[in-house]
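The primary structure of each chain is shown beneath.
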Amino acid sequence: MTDTATTTTSLNKFEKFKAEKDGLAVKGEIEKFAALGWEAMDETDRDHRLKWVGVFFRPVTPGKFMMRMRLPNGILTSSQMRALAGVVQRYGDDGNADITTRQNIQLRGIRIEDLPDIFNRFHAVGLTSVQSGMDNIRNITGDPVAGLDADELYDTREVVQQIQDMLTNKGEGNPEFTNLPRKFNIAIAGGRDNSVHAEINDLAFVPAFKEGTGEESSQSPIFGFNVLVGGFFSAKRCEAAIPLNAWVSPEDVVAVCRAVLEVYRDHGLRANRQKSRLMWLIDEWGLEKFRQEVENRLGKPLLPAAPKDEIDWEKRDHIGVYKQKQPGLNYVGLHIPVGRLYAEDMFEIARLAEVYGSGEIRFTVEQNIIIPNIPDSRLATFLTEPLLERFSIDPGLLTRSLVSCTGSQFCNFALIETKNRALGIIKALEAELILTANVRIHWTGCPNSCGQPQVADIGLMGTKVRKNGKAVEGVDIYMGGKVGKDAHLGACVIKGIPCEDLQPVLQNLLIEHFGAKPKQEALVTHWSIDHN
Ligand code: SRM
Ligand code: SF4
């Protein structure tokens, strides 16, 4: 199918196993695997190909798998949430779930023998986990308040669903897109605040108005999207997406996604997995040739980009109570500490969404939830629900913006433990400091950057550090990430702080750069940004 993948003799191990048997083929073998058990399975099927159906072998917890769903635009129904809760409760041995940095959810503790029943349960409520890992397109993110926000420019829900349906054959799996050179991220922004981090996706669409041309020139500006390409993070390299110099109308978004993906699938670099993301192809070809190839696949010329996009707001976090564009209705954003949920929480969230709202639940890329469509008349009672004591609408100013990747509890790439440590340090900092504004602190357990430290005010990336002659868990500190309007990536400013020494370092950064005041002056130490 691809020129590079099939003709090279020195294929890397991943290209080899994909050429031998398509990842999606495991879909038809789930019953067999369930009967065999994980220990007897072929290792490549178990460790890699199962990811094509969203099932991840966890070397940290052998025999207890993780399942990564697909939730287009981060939206699910209460019945779907209940189905997920049921899986975590019934099948998840020590099970829990994590809301992810792509508006998505992962379930843990899954046993291979339960997969046939779990897939039946998903099917019954219209959920899919297909093509959510390995060399596939990840969950497609859209505006978390699409269709609710009076100021939105475009309701992203339908187009995000259409893209997912095209790429996954409505959740059944689509072999056309199961052998990409590497993972691929797509985001569609519909509001003015870039709630999806468009700039860190391989392909992103940001709202932009185009002046009418020719016969249309007398008309008012036309709504569409400027296209960004090539954004990605990896251990080797991190890049913000660059403009493709293309403007597309909403009706063309799905076709443009297809065209870009076909070009990437058929020409993306496959020799070295550290150099396979879309930006490496753009580097090799130059943007003009890449754009030309996309046009060829699209079968028509792309229009040049609109001179400016409409991202002109600071990014919102959606935590708290907000009026919807529908009179008398509200959406409420609940803070979920580091995105971690247990079965009973999930059942309770489903109940609250049904009793107070319309049954709909949404996730944000900050690993939080939104319950929309709560009428004014029920809002006060909703706000007295006990769950809101843990999942607050008004958390502390550091807690509020805390994001963390999985870390060593479940991820074998991790160099450090993240989620629990992140919560512990934030609690201690909030106890020591008086803050005047929220500060976005992102933790990520290794340079793969799943926790997006480069978009944070303060990003913490796990590393190993030597202290007193011993290797201990530590972090490199990133600063300067800007989201929303004029988004740009932060950079590493301090390297190699042992985690056990981190709290005073963060305390000082918060005082020096974010206006925090110590509750007790004596506790301030003298670390500074120049310290190494
Ligand atoms: Fe990630 C691999 C977790 C978002 C960059 N990521 C992994 C694996 C699958 C590694 C593994 O097999 O253990 C992690 C699973 C751990 C686990 O058990 O949970 C993992 N990534 C996550 C999640 C769950 C982090 C979170 O706590 O939210 C996010 C799942 C999103 C989803 O729903 O699909 C997640 N990963 C990201 C992001 C952020 C984003 O998409 O905005 C990035 C950086 C952006 C990007 O991809 O350009 C990211 N993950 C990576 C990479 C580096 C990719 C590269 O090109 O080198 C890897 C490693 C790889 O693919 O080889 C990776
Ligand atoms: Fe695992 Fe590293 Fe991703 Fe964290 S950043 S989830 S430790 S791969």
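Bear in mind the structure is a predicted one, so any value in this text is a computation, not a measurement.

**What about the domain arrangement of the protein chain?**
Split into domains, the protein chain comes out as domain 1 (141-298) and domain 2 (400-518). Facing eleven residues of domain 1, the contacting portion of domain 2 comprises eleven residues. Interface of domain 1 and domain 2: buried area, both sides summed, is about 850 Å²; carbon and sulfur atoms make up 69% of it. The largest contributions to the domain 1 side of the interface with domain 2 come from H197, E199 and F233, which together make up 50% of the buried area. Linking domain 1 to domain 2 there are zero salt bridges. On the surface where domain 1 and domain 2 come into contact, there are zero residue pairs in polar contact (both at pLDDT 80 or more). Of the residues that constitute the side of domain 1 that touches domain 2, the class distribution is five nonpolar, three polar and three charged.

**Here's the deal with the sheet that holds strand β7 (residues 203-210)**
Reading across from one edge, β6-β7-β8-β11 is the order of the four strands in this open sheet, with mixed pairing throughout. Edge positions in the open sheet fall to β6 (186-188) and β11 (242-248), since each of these has one partner strand only. Neighbour to neighbour, the strand axes of the sheet diverge by 30° on average, direction disregarded. In the sheet, β7 pairs with strand β8 (residues 222-229) via eight bridges, with the strands oriented antiparallel. Along β8, the bridge assignment pairs F205 with V227. Packed on one face of the sheet, helix α8 (residues 253-267) meets β6, β7, β8 and β11 and runs near 140° to β7. Lying over the sheet, helix α10 (residues 287-298) contacts β8 and β11, oriented at roughly 30° with respect to β11.

**Points about the sheet that holds strand β13 (residues 329-334)**
As summarised here, the arrangement of the five strands in space is β3-β15-β16-β13-β12, forming an open sheet in which the pairing is antiparallel. Edge positions in the open sheet fall to β3 (75-77) and β12 (320-323), since each of these has one partner strand only. Taking each pair of neighbouring strands and ignoring which way they run, the sheet shows an average axis angle of 30°. In this structure, strand β15 (residues 360-363) lies alongside strand β16 (residues 369-375), joined through two bridges in antiparallel fashion. When the sheet's bridge partners are listed, R362 is paired in β16 with I370. Taken strand by strand, helix α11 (residues 343-356) contacts β15 and β16, and its axis lies near 25° from that of β16.

**Re the site of ligand 1**
Residues in contact with ligand 1 amount to 32 residues; listed here are only the nearest, R58, R108, K183, T406 and C450. Separating an oxygen atom of ligand 1 from a backbone N or O atom of T101 is a distance of 2.8 Å. At 2.8 Å, a backbone N or O of F233 approaches an oxygen atom of ligand 1. Those elements giving two or more residues to the shell around ligand 1 turn out to be β2 (65-68), β5 (105-110) and β9 (232-233). Across the shell around ligand 1, the residue classes tally to ten nonpolar, 13 polar and nine charged. Here the shell around ligand 1 gathers at least three residues from each of two domains, domain 1 (141-298) and domain 2 (400-518).

**Comments concerning the packing of aromatic side chains**
Following the criterion strictly, the structure yields 13 aromatic pairs and no others. Taken together, the ring pairs in this structure connect Y154, F205, F209, F223 and F225 into an aromatic cluster. Note that R390 overlies the ring of F391, its terminal NZ or CZ placed 4.8 Å from the centroid.

**Some points on the site of ligand 2**
Around ligand 2, the structure places C405, T406, C411, F413, A414, T444, G445, C446, N448, S449 and C450. When its residues are assigned to classes, the shell around ligand 2 shows six nonpolar, five polar and no charged.

**Let's talk about the confidence of the model for the protein chain**
Across the protein chain, the average pLDDT comes to 95, with 95% of residues at 70 or higher. Here residues 1-8 scores under 50 on pLDDT; set against residues more than four positions off or in separate chains, the count is 16 contacts. This model gives residues 528-532 a pLDDT under 50, and the stretch forms twelve contacts once residues within four places in sequence are excluded.

**A short note on the pattern of salt bridges**
Overall, the coordinates contain 47 salt bridges when judged by the stated rule. For the salt bridge of R273 with D135, the shortest nitrogen-to-oxygen distance reads 2.9 Å. In this pair, R273 is assigned in the loop between α8 and α9 (278-285) and D135 in the loop between α6 (115-124) and α7 (157-168), connecting sequence segments 138 residues apart. Judged on exposure class, the residue R273 and its partner D135 are both buried. Taken together, the shared-partner salt bridges in this structure form one network comprising K21, E29, K32, D42, D45 and R49.

Quick notes on the rules
Residues numbered from 1 in each chain as written. Chains lettered and ligands numbered in written order. Predicted model: local features only at pLDDT ≥ 70, side-chain atom pairs only at ≥ 80, totals over all residues. Heavy atoms only, no water. Domains from an automatic or database assignment. Contact = heavy atoms within 4.5 Å. Buried area = accessible area lost by both parts, 1.4 Å probe. Salt bridge = Lys/Arg side-chain N within 4 Å of Asp/Glu carboxyl O. Polar contact = N/O pair within 3.5 Å; in protein donor to acceptor, adjacent residues only side chain to side chain. Nonpolar A, V, L, I, M, F, W, Y, C, P; charged D, E, K, R; others polar. Pairing = 2+ DSSP bridges. Helix = DSSP H or I, 4+ residues; strand = E, 2+ residues; numbered from the N terminus. Axes fitted to C-alpha atoms, helices over the stretch in contact; angles between N-to-C directions. Near = heavy atom within 4 Å. Phe/Tyr/Trp six-rings, centres within 6.5 Å; stacked < 30°, edge-to-face > 60°. Lys NZ or Arg CZ within 6 Å of the ring centre and 35° of its normal. pLDDT = per-residue confidence, 0-100. Buried < 20%, exposed > 50% of the residue type's maximum accessible area, 1.4 Å probe, protein only.

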